Amino acid sequence: MASRQQLTEREMSGQEPEEIGEEAMGPAFVASAASVGLALYYYFMRDERQLGTFIGLWPPTILAFASYFNQRRMRKQLDTLTQPGTTLRNAFDSVMGNR
């Protein structure tokens, strides 16, 4: 979560706010792309089709784990918003990282 100072710095510098899952999907996307490249290398260049096929199954698994952790984080933010007894201002401050 971004702190109040980071949010103010973004507004001053004109940067767009980050997407919710951007930091989670970045490394997962790179790992998936590398896995596809490695699978193609083993499948066609080294002629090890079984190993290439096995490595080719990694990208959906990597992206599924990244999606799961992203959904968990969003669920946690939603739970903080809907906690009984919290005021709307406290809930928004908690989600935005101002607390």
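Owing to the predicted nature of the structure, the values given are computational and were not obtained by experimental measurement.

### Quick notes on the overall build of the chain
So, point 1. Helix and strand counts for the chain come out as five helices and zero strands.
So, point 2. Helices and strands appear in the chain in the N-to-C order α-α-α-α-α.
So, point 3. Evaluated residue by residue, the chain yields a buried proportion of 18% over its 99 residues.
So, point 4. Contacts spanning at least 24 positions in sequence make up 53% of the contacts within the chain whose residues lie at least 6 apart.
So, point 5. Working note: accessible area of the chain is about 7,800 Å², and carbon and sulfur atoms make up 61% of it.

### So, the pattern of salt bridges
So, point 1. In this structure the tally under the stated criterion is two salt bridges.
So, point 2. Here R46 and E48 are joined by a salt bridge, their closest N and O atoms 3.5 Å apart.
So, point 3. A relative accessible area of 42% places R46 in the partly exposed class.
So, point 4. The class for E48 is partly exposed, based on a relative accessible area of 32%.
So, point 5. The partner of D47 in a salt bridge is R49, and the shortest N-O contact between them spans 3.7 Å.

### Some words on the packing of helix α3 (residues 49–56) against helix α4 (residues 58–81)
So, point 1. Relative to each other, α3 and α4 sit at 15°, their axes nearing to 5 Å. Judged by the inter-axis angle, α3 sits roughly parallel to α4. Within the contact between the two elements, α3 uses F54, I55 and G56 and α4 uses W58, P59 and P60.
So, point 2. Class assignment of the residues belonging to the contact of α3 with α4 gives a composition of five nonpolar, one polar and no charged.

Cut-offs applied
- Residues numbered from 1 in each chain as written.
- Predicted model: local features only at pLDDT ≥ 70, side-chain atom pairs only at ≥ 80, totals over all residues.
- Heavy atoms only, no water.
- Helix = DSSP H or I, 4+ residues; strand = E, 2+ residues; numbered from the N terminus.
- Buried < 20%, exposed > 50% of the residue type's maximum accessible area, 1.4 Å probe, protein only.
- Contact = heavy atoms within 4.5 Å.
- Areas by Shrake-Rupley, 256 points an atom, 1.4 Å probe, with all protein chains shown as cover.
- Salt bridge = Lys/Arg side-chain N within 4 Å of Asp/Glu carboxyl O.
- Axes fitted to C-alpha atoms, helices over the stretch in contact; angles between N-to-C directions.
- Parallel < 35°, antiparallel > 145°, perpendicular 65-115°, else oblique.
- Nonpolar A, V, L, I, M, F, W, Y, C, P; charged D, E, K, R; others polar.

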